Amino acid sequence: GRPVPDYTAALAQPVQGLKLGRPRGWFEECFHPAFAAVYEEAVASLGALGIEVVDVEVPEVELAAAAGWVVCYAEMFSLHEGHLPTIEERDTMGAGLLGAGPFVTANDYLRALRWRPAFQRSLAAALGDCAAFVLPGATTAPPVLDDMTVDTGTEVVDWLAVATRNHIPFNYAGLPGLCLPCGLADGL
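Here the structure is a predicted model, which means the values were calculated and not measured.

## Looking at the pairing of strand β2 (residues 52–56)
Here's step 1: Across five bridges, strand β1 (residues 19–23) lies against β2 in parallel orientation. Bridge pairing in β2 links Pro23 to Val56.
Here's step 2: Handedness of the crossover joining β1 and β2 through helix α1 (residues 33–48): right-handed.

## Some thoughts on unusual backbone geometry
Here's step 1: Positive phi values are uncommon outside glycine, yet Glu60 reaches one of about 60°.
Here's step 2: As for its position among the elements, Glu60 is in the loop between β2 and α2 (61–80).
Here's step 3: Non-glycine residue Met148 carries a positive phi angle of around 55°.
Here's step 4: Within the element layout of this structure, Met148 appears in the loop between β3 (132–133) and β4 (149–151).

## Quick notes on the packing of α2 against helix α3 (residues 92–100)
Here's step 1: Where α2 meets α3, the axes come as close as 7 Å, and the angle between the chain directions of the two elements is 90°. In this view, α2 runs roughly perpendicular relative to α3, as classed from their interaxial angle. Where α2 abuts α3, its residues Trp69, Tyr73, Met76, Phe77 and His80 lie against Leu97, Leu98 and Ala100.
Here's step 2: Taken together, the residues that form the contact of α2 with α3 break down as seven nonpolar, one polar and no charged.

## Quick notes on the sheet that holds β1
Here's step 1: Read across the open sheet, the three strands follow the order β2-β1-β3; overall the sheet is parallel. Two strands close off the open sheet at either side, each with one partner strand: β2 and β3.
Here's step 2: Contacting β1 and β2, α1 crosses the sheet at an angle of about 160° to β1.

## Here we look at the layout of surface pockets
Here's step 1: When its volume is computed, the largest pocket comes out at roughly 1300 Å³.
Here's step 2: Every residue lining the largest pocket is counted, 36 residues in all, and those nearest its centre are Phe133, Leu135, Leu178, Cys179 and Leu180.
Here's step 3: Of all the elements in the fold, those that place two or more residues in the lining of the largest pocket are α1, α4 (106–127), β3 and α6 (168–173).
Here's step 4: In terms of residue count, α1 provides more of the lining of the largest pocket than any other element does, seven residues in total.
Here's step 5: What the second largest pocket holds in volume is close to 300 Å³.

The rules we used
- Residues numbered from 1 in each chain as written.
- Predicted model: local features only at pLDDT ≥ 70, side-chain atom pairs only at ≥ 80, totals over all residues.
- Heavy atoms only, no water.
- Pairing = 2+ DSSP bridges.
- Helix = DSSP H or I, 4+ residues; strand = E, 2+ residues; numbered from the N terminus.
- Right-handed = clockwise from strand over helix to strand, strands pointing away.
- Axes fitted to C-alpha atoms, helices over the stretch in contact; angles between N-to-C directions.
- Parallel < 35°, antiparallel > 145°, perpendicular 65-115°, else oblique.
- Contact = heavy atoms within 4.5 Å.
- Nonpolar A, V, L, I, M, F, W, Y, C, P; charged D, E, K, R; others polar.
- 1 Å grid on protein atoms, 1.4 Å probe; cavity = no way out; pocket = protein on both sides within 12 Å on 5 of 7 lines; lining within 4 Å.
- Points joined across faces, edges and corners; volume = space filled by probe spheres on them.

Below is the structure:
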């Protein structure tokens, strides 16, 4: 039984001097130029409010994303194994998610779970003295339902790979996230 702080009191505090870490590189690789421009404007507006935004390196993020998918596939299959006989009735994305589960071994799953604390420590170190990370929640427009692909500005790729890219490492680490709208890109 711990007392719960009044979190809403922080809403009245000034943001000047707040420091946010901006992961670069991998997090911005699949970024449609129109969405990148809106994100850059949002980051600049944070600076205009007196918030310091600094570039940070998140080590082994590719490994964290892969481990996150291993956990996701195994746990999803555990919950939805009974749907495997109807896999042919699913769309490509749903069938792919369901179909990957049987090929995740217990060893793969446990290895992914065991590595999580190491990645959590890496994220804490990357965050350093920053209050939070700031990164785009969406890097492309949503897909057309007929094919579930998106345009990154340089290629058309599977939507699921791009839509989850900036979320799955943090979901894997068990860290909360907050997505806020920051403008319009391509009318969206």
